[in-house]
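# Notes for the structure review
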Amino acid sequence: MRSIRPLALSLALAALVPMTLHAQSTPQASIASSDGTLLSVSAEASSKRVPDVATISTGVVTRAADANAAMRQNADQMAKVMAAIKAAGVAERDIQTSGVNLNPNYNYTPNKPPKINGYEARNTVSIKVRDIGKLGKVMDSLVAAGANDLNGPSFEVDKPDEAYDEARRGALEKAQARAEMYAKALGLRVRRIVSIDESGSSFPRPMPMMRTMAMAAPKAAADTEVSPGEASLSAHLNVVFELGR
């Protein structure tokens, strides 16, 4: 009876297409026929989508001589910001408090211990904007309402499953084509797929970062321009094929 022949192959492809593929020799626990050869192929493919959801972090930072005054001023100003968020059409489910902080400010003098010279209060919320076309206007309205801490946006695809499945199909087709090439070069044929392992999917998010610190709202001007760009959602598969006569 013939024993299973391990196949050690290595392939490096030039970056001429948006999907990469390589074959590698890896010990396999899968069971093949007595006259079969196992081939392990790794393949990656991606699917392009325009992000349709943006997340920004916004809030209020206030400073005062005592802690209570800092917190009270912050609460008053933050109430106006929250009203502006809701007026912009952001749903309750898309608003989440990410932090409420109160910290002392210190005055440092050489050869003397630090001395508290006031307090800083900070209240920050994370919000999702589902109409990216209005994102710039929403951010401007928050600053006009009193927000003086603004970070973001980060973008994402709200329902990425379809795009990931498209990438998976692309990766599988590439793996199958590569297996057929190896089989033909060796005078064999592809009998079957022994196993498929998805090692992970990724979503590199375009993140044009912005930060605003303004204690007073700016005069009326054009809306802040924001572009979501294009996101690449990728899938990586490790596929084991059985080759034979």
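All of these numbers come straight from a predicted model, not from anything done at the bench. (Residues numbered from 1 in each chain as written. Predicted model: local features only at pLDDT ≥ 70, side-chain atom pairs only at ≥ 80, totals over all residues. Heavy atoms only, no water.)

Our focus in this paragraph is the overall build of the protein chain. Helix and strand counts for the protein chain stand at three helices and ten strands. Here the protein chain holds 245 residues, and the buried ones make up 36% of them. A total accessible area of about 14100 Å² is found for the protein chain, and carbon and sulfur atoms account for 52% of it. (Helix = DSSP H or I, 4+ residues; strand = E, 2+ residues; numbered from the N terminus. Buried < 20%, exposed > 50% of the residue type's maximum accessible area, 1.4 Å probe, protein only. Areas by Shrake-Rupley, 256 points an atom, 1.4 Å probe, with all protein chains shown as cover.)

Glancing now at helix α2 (residues 135-145). Within the span of α2, buried status applies to Leu 135, Gly 136, Val 138, Met 139, Leu 142 and Val 143. Down the axis, α2 shows its buried residues gathered within 165 degrees of arc, on one side only. Counted as exposed and oriented over 90 degrees from the buried face of α2: Lys 137 and Ala 144. One or two steps after α2, the chain reaches Gly 146, where phi turns positive at roughly 130 degrees. (Arc of directions from axis to C-beta.)

A separate point is the environment of Thr 62. Following the sequence through the fold, Thr 62 ends up in strand β4 (residues 53-64). Separated by 58 residues in the primary sequence, Thr 62 and Glu 120 have C-alpha atoms spaced 5.7 Å apart. Leave out the neighbours within four places in its chain, and Thr 62 touches Ala 70, Gln 73, Asn 74, Gln 77, Tyr 119, Glu 120 and Ala 121. (Contact = heavy atoms within 4.5 Å.)

On to the nonpolar core, then. The biggest cluster of nonpolar side chains holds 21 residues, and the ones touching the most others in it are Ile 56, Val 81, Ile 85, Ile 127, Leu 135 and Leu 142. Going through the elements one at a time, β4, α1 (67-87), β6 (115-129), α2 and β7 (149-156) are the ones with two or more residues in this core. Top contributing element to this core by residue count: α2, with five residues. Ranked by size, the runner-up nonpolar core spans 15 residues in total, among them Val 41, Ala 171, Leu 237 and Phe 241. (Core = buried A, V, L, I, M, F, W, Y, C linked by side-chain atoms within 4.5 Å.)

The predicted model of the protein chain averages 83 in pLDDT, with 77% of residues at 70 or higher. Here residues 1-30 is a poorly scored stretch, pLDDT under 50, and it has 62 contacts once near neighbours within four places are set aside; other chains count. Low confidence marks residues 206-220, where pLDDT is under 50. Its contacts with residues over four positions away, or in another chain, come to 38 contacts. (pLDDT = per-residue confidence, 0-100.)

The next point concerns the environment of Asp 52. With respect to the secondary-structure elements, Asp 52 resides in the loop between β3 (37-49) and β4. Note on Asp 52: relative accessible area 35%, which makes it partly exposed. It is 6.4 Å that separates the C-alpha atoms of Asp 52 and Ile 132, two residues lying 80 residues apart in sequence. With residues near it in sequence (within four places) discarded, Asp 52 still touches Val 129, Arg 130, Ile 132, Glu 156, Val 157 and Asp 158. A polar contact is formed between the side chain of Asp 52 and the backbone nitrogen of Asp 158, at a distance of 2.7 Å. (Polar contact = N/O pair within 3.5 Å; in protein donor to acceptor, adjacent residues only side chain to side chain.)

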